[in-house]
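# Structure assessment
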Amino acid sequence: MEKGMGVILFEKKPDGELQMIEERIWSMNMVAALEHVNYLVVGGREFETVEGRLNVDEGKLELLLVPMRHEE
């Protein structure tokens, strides 16, 4: 049985710096869902997915995210 894939989420800060948000194992269903979604909610914050990179050397999917600004 497939255990899933390691996924690393990076937030792109306004100054261009990248900050790792988290790393965890995603089920293959969650990875497949990326074909249909543009936004992720992580830790109660909403992010737009900007791009992804498959790091073959490490066997991990790296996603670049930009935080959504919500008016309150």
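Let me sum up the structure you'll find in this document. (Residues numbered from 1 in each chain as written. Predicted model: local features only at pLDDT ≥ 70, side-chain atom pairs only at ≥ 80, totals over all residues. Heavy atoms only, no water.)

## Some remarks on the pairing of strand S5 (residues 60-67)
Filter applied, for reference: When a residue's accessible area, from a 1.4 Å probe over protein chains only, is under 20% of the maximum for its type it is buried; when over 50% it is exposed; and in between it is partly exposed. Here a helix means four or more residues in a row that DSSP labels H or I, a strand means two or more in a row labelled E, and each is numbered from the N terminus. Being paired, for any two strands, means DSSP has found at least two bridges between them.
Most of S5 is tucked away: six of the eight residues are buried. As paired strands, strand S1 (residues 5-12) and S5 are joined by six bridges and run parallel to one another. Counterpart to Ile-8 in the pairing with S5 is Glu-62. Alignment of strand S4 (residues 45-55) against S5, held across eight bridges, turns out to be antiparallel. Paired with Leu-54 across the strands is Leu-61, a residue of S5. Connecting S4 to the antiparallel partner S5 that follows it, the hairpin turn spans four residues, and Gly-59 within it adopts a positive phi of roughly 65 degrees.

## So, the nonpolar core
Generally speaking, soluble globular proteins have nonpolar side chains that are buried together. Keep this limit in mind: Residues belong to one nonpolar core when they are buried, are Ala, Val, Leu, Ile, Met, Phe, Trp, Tyr or Cys, and are joined through side-chain atoms within 4.5 Å. The contact criterion used throughout is that any non-hydrogen atoms of two residues lie within 4.5 Å.
Core analysis: the largest hydrophobic core is formed by ten residues, namely Val-7, Leu-9, Trp-26, Val-31, Leu-40, Val-42, Phe-47, Leu-61, Leu-63 and Leu-65. Going through the elements one at a time, S1, strand S3 (39-42) and S5 are the ones with two or more residues in this core. Those residues in contact with Leu-65, other than ones at most four positions away along the chain, are Leu-9, Phe-10, Glu-11, Lys-12, Ile-21, Leu-40, Phe-47, Glu-48, Thr-49 and Val-50.

## Re the pattern of salt bridges
Heads up, the condition is: Definition used for salt bridges: Asp or Glu carboxyl oxygen within 4 Å of a side-chain nitrogen of Lys or Arg.
A full pass over the atoms with the stated rule returns five salt bridges. Between Glu-11 and Lys-13 there is a salt bridge whose closest N-O contact spans 3.7 Å. For Lys-13, a relative accessible area of 26% corresponds to the partly exposed category. With a shortest N-O distance of 2.5 Å, Arg-53 and Glu-62 are connected by a salt bridge.

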